Amino acid sequence: MKIGVIGLGYVGLPLARLFATKYDVVGFDINAKRVAELNSGLDATLEVSATLLQSVLKNENSSEIGLYCSTSIDDIKDCNYYVVTVPTPVDKNNKPDLTPLYKSSETVGKILKKGDIVIYESTVYPGVTEEECVPVLERVSGLKFNVDFFAGYSPERINPGDKEHTVEKILKVTSGSTPEIGIKVNELYKSVITAGTHLAPTIKVAEAAKVIENSQRDINIAFVNELSKIFNILNIDTQDVLEAAGTKWNFLPFKPGLVGGHCIGVDPYYLAQKAQEMGYHPEIILAGRRLNDSMGEYVASQVVKLMIKKGISINGAHLLMLGIAFKENCPDVRNTKIVDVIAALKEYGIEVTIYDPWINPEEVLHEYGLETTTKLPSQTFDALVLGVAHKEFLTTDLKSLQKQNCVLYDVKGILGSHVDGKL
């Protein structure tokens, strides 16, 4: 058995590393810089430690178990399992963009052989694997689906930055294009996932299960975000309300905040797209998305109101944004909603300095056109906004960064009561 993992990002690399503890694995990615970095034993995403990565790396010509990373399609042509872990983003109009899936399917199709199994892990709406990806595999390979080759779907459940719930400790949903292939796919994952597996009856069921996981979270967060708006008007501390309500055994402990990242802020649009194609308008799902997408501008407006109350001149004011990653203690900036806050603040004429010790400034500049620093600024500011709850910020001397008349706004609600405002 030889496994090819297509895409070595936040999802693909941890999975390839795990498979490599028991199988011969080749990780394929089109990013030459990323591949060279991984073969040297380093992971810039910080999802896999240098110790773990180096423990499974092997050289190019070895046929033993272990991981070799490559940009060459020739290095994966003798695999019999292909696991596709590429991104599934949305475009500027929030429409699903399946381009990475199409391109990776074309790559696999060029080397697909009789008996091979192609497993997709990317989050999609129900039907994408068999109705969008499989036809590409058939067209490029010339082989017939469920006769010459087979497919599976096992949705990723990686939580970036989470060192407790790592890939092997998260129960895995599996599926196959036939009952027999479903068992094969399930056994493959079962051999490395210590948390166990759940074999879904069909690929579409597995696809649907994944896309509703994050849609559910999105709606719940939208609810508490709306509560925070209401309670701010009523001059009630939202955190105090949630703490009191949380004393009931079945109250769900969601907190208000900015909903970004590669999953929660994206996946609901995939389900909504499919529903609309079938003639149904998903009201609750899209209402939750609209509310959560509006929170960046809301935070900015709250900060500006507090500055006005303190008599701070808005136009030309200096503000320090603490954090731009989409979540705490990780360098992931994909779909971060901090950029919405920054954009809204700049519209008021505020000069924003962005400090985040976790991120890669070059990546932020490329993705968003924003200058950032990984070193704590030495100047003082008219306003500080804690946008991300990095552990470093809990020990940072925030007082030294504030002018005598300064607003401190805590988006994440981790600084206690000594702030001017929070969600």
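Residues numbered from 1 in each chain as written. Predicted model: local features only at pLDDT ≥ 70, side-chain atom pairs only at ≥ 80, totals over all residues. Heavy atoms only, no water.

A.B. asks: Talk me through the overall build of the protein; I want residue IDs and the actual numbers.
C.D. replies: For the protein, the count of helices and strands is 14 helices and 13 strands. Based on the C-alpha atoms only, the size of the protein along its principal axes is roughly 75 × 50 × 40 Å. Classification of the 423 residues of the protein by burial places 55% in the buried group. When contacts within the protein are restricted to residue pairs at least 6 apart in sequence, those whose partners lie at least 24 apart make up 70%. In the protein, which carries 43 positive and 53 negative side-chain charges, the distance between the mean positions of the two groups comes to 2 Å. (Helix = DSSP H or I, 4+ residues; strand = E, 2+ residues; numbered from the N terminus. Buried < 20%, exposed > 50% of the residue type's maximum accessible area, 1.4 Å probe, protein only. Contact = heavy atoms within 4.5 Å. Lys, Arg positive; Asp, Glu negative; His and termini not counted. Charge placed at Lys NZ, Arg CZ, Asp CG, Glu CD.)

A.B. asks: A description of the packing of helix 4 (residues 99–109) against helix 5 (residues 128–141) should follow, citing residues and the corresponding values.
C.D. replies: Axis angle and axis distance: for two packed helices, these are the angle between their axes and the distance between the axes, and together they describe the pair. For the pair helix 4 and helix 5, interaxial distance at closest approach is 8 Å and the crossing angle is 40°. Relative to helix 5, the element helix 4 is oriented oblique. Our pair here, helix 4 against helix 5, has a crossing hand that is right-handed. Across the interface between the two elements, Leu-101, Tyr-102, Ser-105, Glu-106, Val-108 and Gly-109 of helix 4 pack against Val-128, Glu-132, Cys-133, Val-136, Leu-137, Arg-139, Val-140 and Ser-141 of helix 5. (Axes fitted to C-alpha atoms, helices over the stretch in contact; angles between N-to-C directions. Parallel < 35°, antiparallel > 145°, perpendicular 65-115°, else oblique. Left-handed = near helix turned anticlockwise from the far one by under 90°.)

A.B. asks: For a nonpolar patch on the surface, give the residues involved together with the corresponding values.
C.D. replies: Together, Ile-230, Ile-233, Leu-234 and Ile-236 line one region of the surface with nonpolar side chains, adding up to about 400 Å² of accessible area. Take Ile-230: its relative accessible area is 40%, and that puts it in the partly exposed class. (Patch = residues over 30% accessible without salt bridge, like charges linked within 9 Å, V, L, I, M, F, W, Y side chains within 5 Å. Areas by Shrake-Rupley, 256 points an atom, 1.4 Å probe, with all protein chains shown as cover. Salt bridge = Lys/Arg side-chain N within 4 Å of Asp/Glu carboxyl O.)

A.B. asks: Describe in detail the sheet that holds strand 12 (residues 402–410), supporting the description with residues and values.
C.D. replies: Sheet architecture is open: five strands sit in the order 10-9-11-12-13, paired in parallel fashion. The sheet terminates laterally at strand 10 (351–355) and strand 13 (421–422), the two strands that pair on one side only. Where strand 9 (residues 318–322) lies against strand 11 (residues 381–386), four bridges are found, and the strand directions are parallel. Bridged to Leu-320 within strand 11 is Leu-384. Of the strands in this sheet, strand 9, strand 11, strand 12 and strand 13 are in contact with helix 11 (residues 295–309), which crosses strand 12 at around 150°. (Pairing = 2+ DSSP bridges.)

A.B. asks: Please set out the packing of aromatic side chains residue by residue, giving values where relevant.
C.D. replies: Scanning the entire structure with this criterion turns up five aromatic pairs. Between Phe-19 and Tyr-189 the ring centres are 5.6 Å apart and the planes differ by 50°, which places this aromatic pair in the tilted class. Pair noted here: Phe-19 is in helix 1 (residues 12–19) and Tyr-189 is in helix 6 (residues 179–190), with a separation of 170 residues, a long-range link. Judged by relative accessible area, which is 0%, Tyr-189 ranks as buried. Ring centres of Phe-145 and Phe-149 lie 5.7 Å apart, and the angle between their planes is 45°; this geometry places the pair in the tilted category. For the pair Phe-145 and Phe-149, one class covers both residues: buried. (Phe/Tyr/Trp six-rings, centres within 6.5 Å; stacked < 30°, edge-to-face > 60°.)

Fair warning: the whole summary comes from geometry, so function is off the table for now.
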